[in-house]
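These are the residues of each chain, in order.
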Number of protein chains: 2
Amino acid sequence: MTAKSVKQDKVLVTETVLRDAHQSLLATRMRTEDMLPICDKLDRVGFWSLEVWGGATFDASLRYLKEDPWERLRQLRSALPNTRLQMLLRGQNLLGYRHYADDVVEAFIERAAANGIDVFRVFDAMNDLRNLETSIRAVKRQGKHAQGAISYTVSPVHTVAHFVDLAQRLAEMGCDSLCVKDMAGLLTPPRAFELFTALRQSVNLPLSCHSHDTAGLSAMNHLRAIDGGANMIDTAVSALCCGTSHAATESMVAALRDTPQDTGLDLQLLQEIASYFREVRKKYAQFESEFTGIDTRVQSNQVPGGMVSNLVNQLRDQGALDRLDEVLAEIPRVRADFGYPPLVTPTSQIVGTQAVFNVLTGKRYHTITNETKNYLLGLYGQPLGKVNPELRRLAIGDATPVSERPADRLAPELNRLAEAVQGVAHSPEDVLSYALFPEIALKFFEARAAGRLAPEPLPPVPVEAPAPQGTPTEFS
Amino acid sequence: MTAKSVKQDKVLVTETVLRDAHQSLLATRMRTEDMLPICDKLDRVGFWSLEVWGGATFDASLRYLKEDPWERLRQLRSALPNTRLQMLLRGQNLLGYRHYADDVVEAFIERAAANGIDVFRVFDAMNDLRNLETSIRAVKRQGKHAQGAISYTVSPVHTVAHFVDLAQRLAEMGCDSLCVKDMAGLLTPPRAFELFTALRQSVNLPLSCHSHDTAGLSAMNHLRAIDGGANMIDTAVSALCCGTSHAATESMVAALRDTPQDTGLDLQLLQEIASYFREVRKKYAQFESEFTGIDTRVQSNQVPGGMVSNLVNQLRDQGALDRLDEVLAEIPRVRADFGYPPLVTPTSQIVGTQAVFNVLTGKRYHTITNETKNYLLGLYGQPLGKVNPELRRLAIGDATPVSERPADRLAPELNRLAEAVQGVAHSPEDVLSYALFPEIALKFFEARAAGRLAPEPLPPVPVEAPAPQGTPTEFS
Ligand SMILES: [Co+2]
Ligand SMILES: [Co+2]
């Protein structure tokens, strides 16, 4: 695809309802049984891809739904024969919370591809591209589509030129397409235009825009990203759109209709799919946030909404909810000390917890968490900005921060993992589940062996009150 | 304001939370007591105007809230000393459901101005500008801002050239600004760009975009309208935004920040106002529609959402809900026969009811309603398209349709109205309330005299369930 043809082509849509949308709105709790009945229609829409796997779905499936995530993937693969299936992968972290050795990363990607994934969106919280090397190489080895994703953030060091540099390096690493991943709703329309214009001019790959609608900007960001040269967008069918999820699929389809960027998708069919998911959503009402509307606070304080919720829980547990404003004010300072990492799993937790300690102990860095130490040792990768040297000395003393690729320090571990679950694991997929979530996977295997796998119960959907009567009929 | 300066100026925001937003989402039920406590903050934001009056608020105040709408206006005027107050006026219909004689229109506008309205947005359902003449002249006579609004619709005859022609004629009539009023969410981003570009090139007035978010397009429409040359937008603070309401104020402010169109409004203050209205909204939960999400069906069938709800009620009452699809298919045919009027009060009711009869009687135009006859006699004004001559003959026989301005047929009526309520009416404002809603006003006056004015009761706000626990913390 040349830059020119990219620009003229219709916009390609990645539908996120089966992954990011319910991860964002329903705590990742949607069950496979609620996905399969609508797959026939989803498969007929003509999405460029359906994001169906990865992110937190693997964890939630094993932990809460007592579903084998690999089995979900196989079922979706067979129910969606005509649509690319896409997953989100945290580079060397895969779907877990630590760095894995290369042999695990390679095996995981091989199995994901074999079970049905066509498109791997790979990112790293730190944008340290060394954490993507193994994944991207493995995806290409499987003959699959590698989409390199850049974690979008705002800071004095995150310039357009920096993002362009990342994009060019991802292109050199063999990516088939690139994605700007705005996980927190920080992107704005003028910035989207500036950024995608610069990317379009410097990289000859399809460009995707992923922008959460937290601040109500996602649809406008898409429009401006497309003006700049994006030709792929992430959306969620309206029943699970907006708020911390994505711009509505139907709205983007309607917005681009009869333009050179027309998606060509069938609005009628999408409306039917939305009706289906409106009913499904009701089953998961207990997992809805109290607040699901537009929240532009992230545009004022740059702290992602999900991070604020976590801090609220953390402070409530410690009876210190009244210190929230202080913690919110401390976060940008900690982030600056840390060299401005994007705030996303796991850096959001590391920065957030350190900020809580800095406030609650009454003295900044009086207590330094282990995660902060590991971060400052370079175990998560290299931040873009300069780390505060005083803090580093305080945290790690004279220890030398790691300078090589973090995973270079990890010995192969697949065989060890396989041995550890010999007898309980029934497949290479089981071994990988265990690799990612050891305790949860063991519990899962145990329940499976005993024939008592059962998802957490869902309360029945409440019967609806009758529609209000006597409301005025005028619309103006 | 020259075209050039208009283009470079910051975008001016009209906040609709006190009128259109709650009319669209809460059946126009918000009480003055819930408006006044936040007026101090609203007044400090720096909105170009606050829409606070007109539309259905007058009717709802008298009918359900047992509030004197004039008293509401005076209270808001005194609570909002620094912000222009805006109202929506249906031209010769004022806020009622028939055409009034010119003396009533003039008296109404004089009293509205005297009680606090600065900006009069005046429109006609048929876009028959003769129905706006008296109003616009009266507004200018009061030294107030006359904004001419064009009812936006889609049809084979509603070309950009037609809308430009309307705009130029409104400019010649002395309007201070113009508004494209997309009451149904029919506007799309490319169409908004095309339309505002053409308007900008041909009219030297500020241009406002009013686009309901029914299909999730309002914010994108604003962006494209601004690209084309709009410099005023209607928004609703996020607590009462989206769905059948408007794009979120905070999102538009964030979207335009750091651009030449920066609104200059304070996001922090807007967030506080949104918090306030989130609580207020809970009081009116009984008036919420069952469905408040994005609905792109209007983009497929061109039938406004509010009209569909009315039809559903109408058909349910007659035990014929199963005929809805037939009625929806009949509506475009009736509308074509009628010369393609925009579908908005009252034409939406006239076309809708006739379509119901056409379907339920089993024979098109076997029964012709009185409203259809009056419409075809030209009593509502002149449609843009050609009326089906067979239908006209069937409906009005050899009668000659009215060719003069409809209100020219109406003798002065203010004195007669004043006499009719002598003793009960305490002010010229009372007489005007009676003119608009005779029965409801009389009941209101009676209750007021007896000292038993009481709003319809509101059930107590339910206590909230505790926030769900154990939801995953990741956002990606
Ligand atoms: Co409106
Ligand atoms: Co995401």
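Residues numbered from 1 in each chain as written. Chains lettered and ligands numbered in written order. Predicted model: local features only at pLDDT ≥ 70, side-chain atom pairs only at ≥ 80, totals over all residues. Heavy atoms only, no water.

(A) Looking closely at the overall build of chain A. Each helix and strand in chain A was counted, giving 21 helices and eight strands. For chain A, whose C-alpha radius of gyration is 22 Å, the value lies close to the compact-globule estimate of 23 Å for 476 residues. Overall size of chain A, expressed as C-alpha extent along the three principal axes, is 70 × 55 × 50 Å. Each of the 476 residues in chain A was classed as buried or not, and the buried ones make up 59%. Here the analysis covers contacts within chain A between residues at least 6 apart in sequence; of these, 76% occur between residues at least 24 apart. Looking at chain A as shown, the accessible area adds up to about 17500 Å², and 51% of this sits on carbon and sulfur atoms. For chain A, the distance from the average site of its 50 positive side-chain charges to the average site of its 57 negative ones is 2 Å. (Helix = DSSP H or I, 4+ residues; strand = E, 2+ residues; numbered from the N terminus. Rg over C-alpha atoms; globule rule 2.2 N^0.38 Å. Buried < 20%, exposed > 50% of the residue type's maximum accessible area, 1.4 Å probe, protein only. Contact = heavy atoms within 4.5 Å. Areas by Shrake-Rupley, 256 points an atom, 1.4 Å probe, with all protein chains shown as cover. Lys, Arg positive; Asp, Glu negative; His and termini not counted. Charge placed at Lys NZ, Arg CZ, Asp CG, Glu CD.)

(B) Quick look at the sheet that holds strand β3 (residues 84–89) of chain B. All names here are of chain B. One closed barrel holds the eight strands; their spatial order is β1-β2-β3-β4-β5-β6-β7-β8, and the pairing between them is parallel. Strand-to-strand twist across the sheet, computed as the mean angle between neighbouring axes with direction ignored, equals 30 degrees. Here strand β1 (residues 12–15) pairs with strand β2 (residues 49–54) via two bridges, running parallel. Among the inter-strand pairings, T14 is bridged to a residue of β2, identified as S49. (Pairing = 2+ DSSP bridges. Axes fitted to C-alpha atoms, helices over the stretch in contact; angles between N-to-C directions.)

(C) Expanded view of the side chain of S151(A). Residue and element names in this part refer to chain A. Here S151 is to be found in strand β5 (residues 145–151). In this structure S151 comes out as buried when scored by relative accessible area, which is 0%. Of note is the side chain of S151, whose polar atom sits 3.1 Å from the backbone oxygen of D124. Sequence-distant contacts of S151, defined by excluding residues within four places in its chain, comprise F123, D124, A125, N127, F163, K181, M183 and P342. (Polar contact = N/O pair within 3.5 Å; in protein donor to acceptor, adjacent residues only side chain to side chain.)

(D) The interface of chain B and chain A, seen in detail. Between chain B and chain A, the residue contacts involve 68 residues of the former and 68 residues of the latter. Between chain B and chain A the total buried area reaches about 5100 Å² when both faces are included, carbon and sulfur atoms providing 54% of it. For R224(A), the salt bridge identified is with D227(B), shortest N-O distance 2.8 Å. The interface formed by chain B and chain A holds ten residue pairs in polar contact (both at pLDDT 80 or more) in total. Of all the elements in the fold, those that place two or more residues in the side of chain B that touches chain A are α2 (20–25), α9 (189–202), α10 (218–228), α11 (249–256), α12 (267–283), α13 (297–301), α14 (305–317) and α16 (347–360) of chain B. Class assignment for the residues of the side of chain B that touches chain A results in 29 nonpolar, 24 polar and 15 charged. (Buried area = accessible area lost by both parts, 1.4 Å probe. Salt bridge = Lys/Arg side-chain N within 4 Å of Asp/Glu carboxyl O. Nonpolar A, V, L, I, M, F, W, Y, C, P; charged D, E, K, R; others polar.)

(E) Seen up close, the packing of aromatic side chains. All names here are of chain A. Under the criterion given, the structure shown has 26 aromatic pairs over all chains. Members of the aromatic cluster, joined through ring pairs, are W53, F58, W70, Y97, F108 and F437. In this structure, R29 is placed above the aromatic ring of Y64, and the distance from its NZ or CZ to the ring centre is 3.5 Å. (Phe/Tyr/Trp six-rings, centres within 6.5 Å; stacked < 30°, edge-to-face > 60°. Lys NZ or Arg CZ within 6 Å of the ring centre and 35° of its normal.)

(F) Quick look at the sheet that holds strand β7 (residues 207–211) of chain A. All names here are of chain A. In space, the eight strands of this closed barrel follow the order β1-β2-β3-β4-β5-β6-β7-β8, with parallel pairing throughout. Each strand axis lies, on average, 30 degrees off the axis of its neighbour in the sheet, ignoring direction. Sheet analysis places strand β3 (residues 84–89) next to strand β4 (residues 119–122), joined by four bridges and oriented parallel. Bridge pairing in β4 links L89 to V122. Packed onto the sheet, helix α9 (residues 189–202) meets β6 (177–182) and β7 and runs at close to 160 degrees relative to β7.

(G) Representation of the nonpolar core in the model. F108(A), F277(A), F108(B) and F277(B) are the most contacted members of the largest nonpolar core, which totals 230 residues. Setting aside residues up to four positions removed in sequence, F108(B) forms contacts with W53(B), F58(B), W70(B), M87(B), L89(B), L94(B), L95(B), L432(B) and L436(B). (Core = buried A, V, L, I, M, F, W, Y, C linked by side-chain atoms within 4.5 Å.)

(H) The arrangement of helix α21 (residues 438–449) of chain B in detail. Residue and element names in this part refer to chain B. A rise of 1.5 Å per residue sets the reference length of α21, with its twelve residues, at 16 Å; its end C-alpha atoms lie 16 Å apart and thus fit the reference within 8%. By the burial criterion, the buried members of α21 are I440, A441, F444, F445 and A447. All buried residues of α21 project into a common sector of 165 degrees when viewed along the axis, lining one side. Turned more than 90 degrees from where α21 packs its buried face, E439, K443 and A449 sit exposed. Of the surrounding elements, those touching the buried residues of α21 are α4 (57–65) and α20 (428–436). Trailing α21 by a residue or two, G451 shows a phi angle of about 65 degrees, which is positive. (Expected span 1.5 Å × (residues − 1). Arc of directions from axis to C-beta.)

(I) Expanded view of the relation of the copies chain B and chain A. Superposing chain B onto chain A requires a rotation of 180 degrees together with a translation of 0.0 Å along the rotation axis, leaving an RMSD of 0.0 Å. With respect to symmetry, the two chain copies, as superposed, fit the operation of a two-fold axis. Closest approach to the rotation axis within chain B is made by the C-alpha atom of M220(B), at a distance of 2.7 Å. (Least-squares fit on C-alpha atoms with pLDDT ≥ 70 in both.)

(J) Structural view of the pairing of strand β6 (residues 177–182) of chain B. Residue and element names in this part refer to chain B. For β6, a buried count of six out of six residues is recorded, marking the element as mostly surrounded by other parts of the structure. What you see with β6 is no split at all: S177, C179 and K181 on one side and L178, V180 and D182 on the other are buried throughout. Here strand β5 (residues 145–151) runs beside β6; their pairing, made up of five bridges, is parallel. Opposite G148, over in β6, you have L178 as the bridge partner. Examined bridge by bridge, β6 and strand β7 (residues 207–211) share five bridges and lie parallel to one another. When the bridges of β7 are listed, K181 appears paired with H210. Following the chain from β6 across α9 to the adjacent parallel β7, one finds a crossover that is right-handed. (Right-handed = clockwise from strand over helix to strand, strands pointing away.)

(K) Just the domain arrangement of chain A, in detail. All names here are of chain A. Assigned domains within chain A: domain 1 (3–287), domain 2 (303–407) and domain 3 (413–449). The distance between the C-alpha centroids of domain 1 and domain 2 comes to 28 Å. Counting from both sides, the interface comprises 26 residues of domain 1 and, opposite them, 23 residues of domain 2. Interface area, domain 1 with domain 2, both sides summed: about 1900 Å², of which 64% is carbon and sulfur. Taken as a group, A125, M126 and R130 account for 34% of the area that domain 1 buries against domain 2, more than any other trio of residues on that side. Remark: the boundary between domain 1 and domain 2 carries one salt bridge. Residues R405 and D102 are paired through a salt bridge, measuring 2.4 Å at the closest nitrogen-oxygen approach. Linking domain 1 to domain 2 there are eight residue pairs in polar contact (both at pLDDT 80 or more). Its residues placed into classes, the side of domain 1 that touches domain 2 shows ten nonpolar, eleven polar and five charged. (Domains from an automatic or database assignment.)

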